[in-house]
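# Architecture at a glance
Each chain, letter by letter, is given below.
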Amino acid sequence: MKYVYLLAAAALAACSRSNAARPPASTPVRVATASRINAPISLAASGVVEPMQTVAVTTLVTGVLLDVAFHEGDFVQSGQVLFHIDPRPLEAAADQARATLARDEAQLTAQQNDDARYQTLAGKGYVTQSDADQHHATALATAATVNADRAMLRGALLNLENATIRSPISGRTGSLIVRPGNIVSPGAGPLVVINQLKPVLVRFPVPDQQFGAVQRAVASHPLLVRAASKDSTEAPEAGQLSFLDNAVDSLT
């Protein structure tokens, strides 16, 4: 048994001498010139998503809502037809305004002719200047009435055009507030609410320690913003910082 221990000790000693004789492995080192660069600074913040625009669509005329030309939750384009209001009362009002204008225009033509004749007769002394002035004033008053009639006709035609309600923006519609068959009017509230979601607005706070740096950076160049949901695996949406608000949260 002693012989075995001696052989083991001799083998260990031989291994130790072999490891001590082997030189350590060299590590390559590269040398580069030091330079100064502008390193990007990233700020992380929790924000909220808001629509770029929110429009409550209302009617500009009073009438019966005939039909709805979209489904709740649809994406609509700017100028797309949304509602139709019964146009028959508005058409009747436009016809009445058109007839009134035609009547007063005929009267204006006759009174202008009378005015011209009386001015000629007054110059020759056949009628008094007072009579001539009276016919001239009557012609001017009728001309003013004609202008008022034209304005009323334009208003009636505009109301008739407003019987078809179109979307003022492109966005997503919400739930329908007023159903067909109801009487709608300008002061009765919105018919539907539309939110513009492309592009969308993300509002987030900037800590006061970094506010000065962000303010200086915005003044010199556009700032890139990436927004992502915490529970989303999709790539973040890229955008640009629009502006720095002047509101300060006094609680933080």
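Anything mentioned here points back to the structure above.
Residues numbered from 1 in each chain as written. Predicted model: local features only at pLDDT ≥ 70, side-chain atom pairs only at ≥ 80, totals over all residues. Heavy atoms only, no water.

## What about the overall build of the protein chain?
Inclusion rule: A run of H or I in DSSP becomes a helix once it reaches four residues, and a run of E becomes a strand once it reaches two; helices and strands are each numbered from the N terminus. Our radius of gyration is a C-alpha quantity, and the globule rule it is checked against amounts to 2.2 Å times the number of residues to the power 0.38. For the exposure calls, accessible area comes from a 1.4 Å probe over protein chains only, and a residue counts as buried if that area is under 20% of its type's maximum, exposed if over 50%, partly exposed in between. The accessible surface values rely on the Shrake-Rupley method and a 1.4 Å probe; as for residues, cover is taken only from the protein chains in view. Only four residue types enter the tally: Lys and Arg on the positive side, Asp and Glu on the negative side, with His and both chain ends excluded. Charge positions come from single atoms, namely NZ of Lys, CZ of Arg, CG of Asp or CD of Glu.
Tallying secondary structure elements over the protein chain gives four helices and 10 strands in all. Counting helices and strands in the order they occur from the N terminus, the protein chain gives α-β-β-β-β-α-α-β-β-β-β-α-β-β. For a compact globule of 252 residues, the expected C-alpha radius of gyration is about 18 Å, and the protein chain comes in at 42 Å, more than 25% above that figure. Along the three orthogonal principal directions, the C-alpha set of the protein chain runs to about 160 × 50 × 35 Å. Among the 252 residues that make up the protein chain, the fraction classed as buried is 19%. Carbon and sulfur atoms make up 56% of the accessible area of the protein chain, which amounts to about 18700 Å² in all. Of the charged side chains in the protein chain, 20 are positive and 21 negative, and the gap between their average positions amounts to 24 Å.

## Digging into the sheet that holds strand S7 (residues 183-184)
Selection rule: Any two strands are treated as partners once DSSP identifies two or more bridges connecting them.
Judged by pairing direction, the sheet is antiparallel, and its four strands sit side by side in the order S5-S4-S2-S7 without closing on themselves. Every interior strand has two partners, whereas the edge strands, strand S5 (164-166) and S7, have only one. Relative to strand S4 (residues 81-85), strand S2 (residues 63-68) runs antiparallel, the two being bridged by three bridges. Residue pairing across strands places Leu-65 opposite Ile-85, the latter belonging to S4.

## A look at the packing of helix H2 (residues 88-124) against helix H3 (residues 129-161)
Using the following cut-off: Note on definitions: angles span 0 to 180 degrees between N-to-C directions of axes, and those axes are lines fitted to C-alpha atoms, for helices only across the stretch in contact. Oblique is the label for any angle not under 35 degrees, not over 145, and not in the 65 to 115 range, which are roughly parallel, roughly antiparallel and roughly perpendicular in turn. Crossings are assigned a handedness: left-handed for a near helix turned anticlockwise from the far helix by less than a right angle, right-handed for a clockwise turn. The residue classification treats Ala, Val, Leu, Ile, Met, Phe, Trp, Tyr, Cys and Pro as nonpolar and Asp, Glu, Lys and Arg as charged. All others, Gly included, are polar.
Contact pair H2 / H3: the axes reach a minimum separation of 8 Å and the direction vectors enclose 160 degrees. Considering the angle they form, H2 stands roughly antiparallel to H3. For the element pair H2 and H3, the recorded crossing hand is left-handed. By residue class, the composition of the contact of H2 with H3 is 17 nonpolar, 12 polar and 10 charged.

## Comments concerning unusual backbone geometry
Cis peptide bonds are those with omega within 30 degrees of zero, and the linkage from Lys-198 to Pro-199 qualifies with -5 degrees. Tracing the backbone shows Pro-199 in strand S8 (residues 192-203).

## Section: the pairing of S2
Sheet topology places S2 next to S7; two bridges connect them, and they run antiparallel. Of the residues in S7, the one forming a bridge with Gly-63 is Val-184.

## Quick notes on the sheet that holds S8
Note: strands within a sheet are paired through backbone hydrogen bonds, in either parallel or antiparallel orientation. The four strands are arranged S1-S8-S6-S3 in an open sheet whose pairing can be described as antiparallel. Of all the strands in the sheet, the pair left with one neighbour each is strand S1 (48-57) and strand S3 (75-76). Note that strand S6 (residues 171-173) and S8 share two bridges and pair antiparallel. Its bridge partner lying in S8, Thr-173 is registered against Ile-194.

## Digging into the nonpolar core
Side chains of nonpolar character tend, in soluble globular proteins, to be buried together. Under the convention used in this document: Only buried residues count toward a nonpolar core, which is a set of Ala, Val, Leu, Ile, Met, Phe, Trp, Tyr and Cys residues joined through side-chain atoms within 4.5 Å. Between two residues, a contact is recorded if the distance between any of their heavy atoms is within 4.5 Å.
Judged by nonpolar contacts, the single largest core of 19 residues is most densely connected at Val-57, Phe-70, Leu-82, Phe-83, Ile-85 and Ile-194. When residues of this core are traced back to their parent elements, those giving at least two are S1, S4 and S8. Examining the composition of this core, we find that three residues originate from one element, S4, more than from any other. Ignoring sequence-local partners within four residues, the contact set of Phe-83 consists of Val-57, Leu-65, Asp-67, Val-68, Phe-70, Ala-163, Thr-164, Ile-165, Leu-176, Leu-191 and Val-192.

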